[in-house]
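# Observations on the model geometry
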Amino acid sequence: MAKGQSRIVGILKKYEADLLNDWLGELKASGADSDGRISETELRNQATEFISQLREATQSGNLDNIGTAEWQAVRDFLDGISRSRVAQGFRSDQTAGFIFSVKKPLFTRLRKELGSDADGLAEETWVATELLDKLAMHTVHSFQKTREDVIRRQQEELLELSTPVVKLWEGVLALPMIGTLDSARTQIVMESLLQRIVDTGSEIAIIDITGVPTVDTLVAQHLLKTVTAIRLMGADCIISGIRPQIAQTIVHLGVDLEGVTTKANLADALSLALKRSGFSITKSKA
Amino acid sequence: MSVIKSDVLPIRSEQDIVLARQAVRKLTQELTFSIVDQTKFVTAASELARNTLIYGGGGDLYWEVILDGGRKGLKLSFKDEGPGIPDLKQAMTDGWTSGHGLGMGLSGSKRLVNDFEIESTPGKGTRVTITRWK
Amino acid sequence: MDRIPILQMGKFLLVTIQVDLHDRLALTLQDDLTAKIEKTNAKGVLIDISSLEIVDSFIGRMIANTSSMARILDAKTVVVGMQPAVAITLVELGLTLTGVQTALNVERGMHLLRTSLADKEADDVCDQV
């Protein structure tokens, strides 16, 4: 700012209330609160907070680098907005739109103040545009990061969820698989099953795939590898819950499940496992 | 991509294969690879070191701990100045062997690592490079 | 040169591999085992590999070959205690040790050997009658 302080600083101070009202008008017009994901009061509070933070930050005279200490509070505030927008299920463009919609009210005030000075108006408009674009970009970036964090956390939770190796009987373990299997997940599932076999000294493992919607070549091969690894360790494996469509797919894919014991459901598999372990079940007479 | 540390190990005797395995194991432990990833990588190293010794007539193992875009990895290069491999495509096929092995050395090792590269010039030698990322 | 000790327990031989096997040591073990089967007229061999951190194609082949040789010499081989990471790696490598009998631990392995010996003796009796 060679010519001293930007007029934006003054405008933010002078027209704070007007700007806020116009901005809220813009937000309403764009339908920011129309589907009830965010209440009018909340939107108003956020807008009020942002205008006042912006006013504070611009006092420093630094309007072109939002990475500095003066802008810390604004950045933190925008990070907070992004997090809450993610939680409320907004899209990234809607989140950026929150900042962009302050442009029109601000430019209107600039024109009002600088109407006759065309050069000054152009310059100030440019400064304002750049500043708001940077702030919007920061918001979107933060929005994205929050989303990525959510995805990563969910992936981790899913991986933990996906490996419940349960003991069905002395020497019999079961792994009820649920959901789509990919390489990474199958590897973790496989490792935890094999480890449990060693830890418990179980000689029979049942992999139940009732909850697996589809089986492609890769998944079928993973299953086959798991069965082979279990055999190498000296235990046996039964696959149960293969649905008709999956049986068809496996045959069409040409995956050879020859030599792998398969059973229609978990109950049949358990019954076979018990028989192999030397147990017999009888119904006591009432 | 930057190299954090590196060294060279000779592969000239059967004992060297064991030493190479142990060195690679130690590096994978330092990089905190999972026990399965450690085992896979050490096994691949063992296969390739044996190839270097038996088919390449001995050579060297160059190892590097590398950093690429925030992820760490271990890169091994097995280099020999032996007769080379005339038909790489054939050599990479499961079950094909020029010696007395099971023919699982090259194709099998490839499945145990993340990146696998092989260059060979008949009469000049062979270099196999494998990488596993953390 | 060092050797892997082979213990005799009645009609069975017991080998525990605890060192990182180099290739010649693996081959020596194969020679020693087959010689000892013949000498002791052993009917079963138990190879404990629970301390082995890796099994590559060379060691895998030695194990498979030893098992086949023992079979020809009328002894049954059981390999016990393979670590999960080793099993996963072997499968990925493409080695499934076809024809090699495995068990989770020494106890289960011994049980397998005893039952198969009992079955065999019963068969032999039938043959004589």
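Parameters at a glance
Residues numbered from 1 in each chain as written. Chains lettered and ligands numbered in written order. Predicted model: local features only at pLDDT ≥ 70, side-chain atom pairs only at ≥ 80, totals over all residues. Heavy atoms only, no water. Helix = DSSP H or I, 4+ residues; strand = E, 2+ residues; numbered from the N terminus. Rg over C-alpha atoms; globule rule 2.2 N^0.38 Å. Buried < 20%, exposed > 50% of the residue type's maximum accessible area, 1.4 Å probe, protein only. Contact = heavy atoms within 4.5 Å. Areas by Shrake-Rupley, 256 points an atom, 1.4 Å probe, with all protein chains shown as cover. Lys, Arg positive; Asp, Glu negative; His and termini not counted. Charge placed at Lys NZ, Arg CZ, Asp CG, Glu CD. Buried area = accessible area lost by both parts, 1.4 Å probe. Salt bridge = Lys/Arg side-chain N within 4 Å of Asp/Glu carboxyl O. Polar contact = N/O pair within 3.5 Å; in protein donor to acceptor, adjacent residues only side chain to side chain. Nonpolar A, V, L, I, M, F, W, Y, C, P; charged D, E, K, R; others polar. Core = buried A, V, L, I, M, F, W, Y, C linked by side-chain atoms within 4.5 Å. 1 Å grid on protein atoms, 1.4 Å probe; cavity = no way out; pocket = protein on both sides within 12 Å on 5 of 7 lines; lining within 4 Å. Points joined across faces, edges and corners; volume = space filled by probe spheres on them. Domains from an automatic or database assignment. Pairing = 2+ DSSP bridges. Axes fitted to C-alpha atoms, helices over the stretch in contact; angles between N-to-C directions. Phe/Tyr/Trp six-rings, centres within 6.5 Å; stacked < 30°, edge-to-face > 60°. Lys NZ or Arg CZ within 6 Å of the ring centre and 35° of its normal.

## A few points about the overall build of chain A
- The secondary structure content of chain A amounts to eleven helices and five strands.
- Its C-alpha atoms give chain A a radius of gyration of 31 Å, clearly above 19 Å, the size a compact globule of 286 residues would have.
- Overall, chain A is about 95 × 45 × 35 Å in size when its C-alpha atoms are taken along their principal axes.
- In chain A, which comprises 286 residues, the share counted as buried stands at 41%.
- Contacts in chain A between residues at least 24 apart in sequence constitute 74% of all its contacts with a sequence separation of at least 6.
- Summed over its atoms, the accessible surface of chain A is roughly 15100 Å², and 53% of this surface lies on carbon and sulfur atoms.
- Across chain A, the mean location of the 33 positive side-chain charges is 4 Å away from that of the 38 negative side-chain charges.

## Remarks on the interface of chain C and chain B
- Chain C puts 20 residues into the contact, and the matching count from chain B is 24 residues.
- Taken together, the two surfaces of chain C and chain B that pack against each other cover about 2000 Å², and 57% of this comes from carbon and sulfur.
- Its largest share of buried area at the contact with chain B, chain C owes to I54, E92 and L93 of chain C, together 27% of the area lost on that side.
- For the pair chain C and chain B, the interface holds six salt bridges.
- Along the contact surface separating chain C from chain B lie ten residue pairs in polar contact (both at pLDDT 80 or more).
- For the side of chain C that touches chain B, the secondary structure elements donating two or more residues are α1 (23–40), α2 (57–72) and α3 (84–93) of chain C.
- Per element, the largest residue contribution to the side of chain C that touches chain B is six residues, and it comes from α3 of chain C.
- Looking at the side of chain C that touches chain B residue by residue, the class counts come to nine nonpolar, four polar and seven charged.

## Re the interface of chain A and chain C
- Counting residues at the interface gives 17 residues for chain A and 14 residues for chain C.
- When chain A packs against chain C, the two sides together hide about 1400 Å² of surface, and 70% of this comes from carbon and sulfur.
- Contact with chain C buries surface across chain A, with K225, L232 and M233 of chain A losing the most and accounting together for 44% of the total.
- Our count for the chain A to chain C interface comes out at two salt bridges.
- With its nearest N and O atoms 2.8 Å apart, the salt bridge here joins E92 of chain C to K225 of chain A.
- At the boundary of chain A with chain C, the tally comes to five residue pairs in polar contact (both at pLDDT 80 or more).

## Considerations on the nonpolar core
- Among the nonpolar cores identified, the biggest contains 99 residues, and L76 and I130 of chain B are the most heavily contacted of them.
- Discounting residues that sit within four places of it in the chain, L76 of chain B has contacts with V24, F41, A45, L61, Y62, W63, V128, T129 and I130 of chain B.
- The next biggest cluster of nonpolar side chains, apart from the first, holds 38 residues, and it includes W23, L27, I51 and V127 of chain A.

## Focus: the pattern of salt bridges
- Evaluation of the coordinates by the stated rule reveals 28 salt bridges over all chains.
- Residue D60 of chain B is joined to R12 of chain B by a salt bridge in which the shortest nitrogen-to-oxygen separation is 3.2 Å. Placement of the pair is D60 of chain B in strand β2 (residues 59–68) and R12 of chain B in the loop between β1 (2–11) and α1 (14–30), with a sequence separation of 48 residues.
- A salt bridge links D74 of chain C to K43 of chain C; the nearest nitrogen and oxygen atoms lie 3.2 Å apart. One end of the pair, D74 of chain C, is in the loop between α2 and β4 (76–80); the other, K43 of chain C, is in the loop between α1 and β3 (44–48), and 31 residues separate them in sequence.
- Owing to a relative accessible area of 18%, K43 of chain C belongs among the buried residues under this scheme.

## Observations concerning the layout of surface pockets
- A volume near 450 Å³ is recorded for the second largest pocket.
- For the second largest pocket, the lining is made up of 21 residues, of which E203, G234, A235 and D236 of chain A together with T102 of chain C are closest to its centre.
- Put simply, the parts of the chain that give the lining of the second largest pocket at least two residues each are α9 (217–232) of chain A together with β5 (101–103) of chain C.
- Classifying every residue of the lining of the second largest pocket by side-chain character gives six nonpolar, nine polar and six charged.

## Comments concerning the domain arrangement of chain A
- When cut into domains, chain A gives domain 1 (7–158) and domain 2 (166–276).
- Between the C-alpha centres of domain 1 of chain A and domain 2 of chain A there is a distance of 54 Å.

## Observations concerning the pairing of strand β2 (residues 172–178) of chain A
Residue and element names in this part refer to chain A.
- Most of β2 is tucked away, with five of its seven residues classed as buried.
- Taken together, the three bridges between strand β1 (residues 166–169) and β2 define a ladder with antiparallel strand orientation. Looking at β2, one finds that K167 is bridged to L173.
- The turn linking β1 back onto β2 is made up of two residues, and G171 within it adopts a positive phi angle of 80°.
- Here six bridges tie β2 to strand β3 (residues 204–211), and the two strands are oriented parallel to one another. Across the sheet, I178 pairs through a bridge with G211, a residue of β3.

## Here we look at the sheet that holds β2 of chain A
All names here are of chain A.
- Strands sit in the order β1-β2-β3-β4-β5 across an open sheet of five strands; the sheet is mixed. The outermost strands of the open sheet, each flanked by one partner alone, are β1 and β5 (261–263). Between one strand axis and the next, the sheet turns by 30° as a mean value, whatever way the strands run.
- Here α9 sits on the sheet in contact with β2, β3 and β4 (236–240), set at roughly 150° to β4.

## So, unusual backbone geometry
All names here are of chain C.
- A positive phi angle is found at N41, which is not glycine, with a value near 55°.
- One non-glycine residue, D74, adopts positive backbone phi at about 70°.
- You can call D74 partly exposed: its relative accessible area is 36%.

## Some thoughts on the packing of aromatic side chains
- This model, assessed by the stated rule, comprises six aromatic pairs over all chains.
- Ring plane angle 25° and centroid distance 6.2 Å describe the contact between F50 of chain A and F77 of chain A, whose orientation is recorded as stacked. In this pair, F50 of chain A is assigned in helix α3 (residues 40–58) and F77 of chain A in helix α4 (residues 72–88), connecting sequence segments 27 residues apart. Here F50 of chain A matches F77 of chain A in class, with each residue buried.
- Summarising the aromatic geometry, the rings of F33 of chain B and F41 of chain B are spaced 6.5 Å apart at their centres and angled 75° between planes, so their arrangement reads as edge-to-face. F41 of chain B matches F33 of chain B in its accessibility class, with the two residues each being buried.
- Taken together, the aromatic side chains of W23, F50, F77 and F98 of chain A make up a single cluster linked through ring pairs.
- Note that R85 of chain A overlies the ring of F98 of chain A, its terminal NZ or CZ placed 4.9 Å from the centroid.

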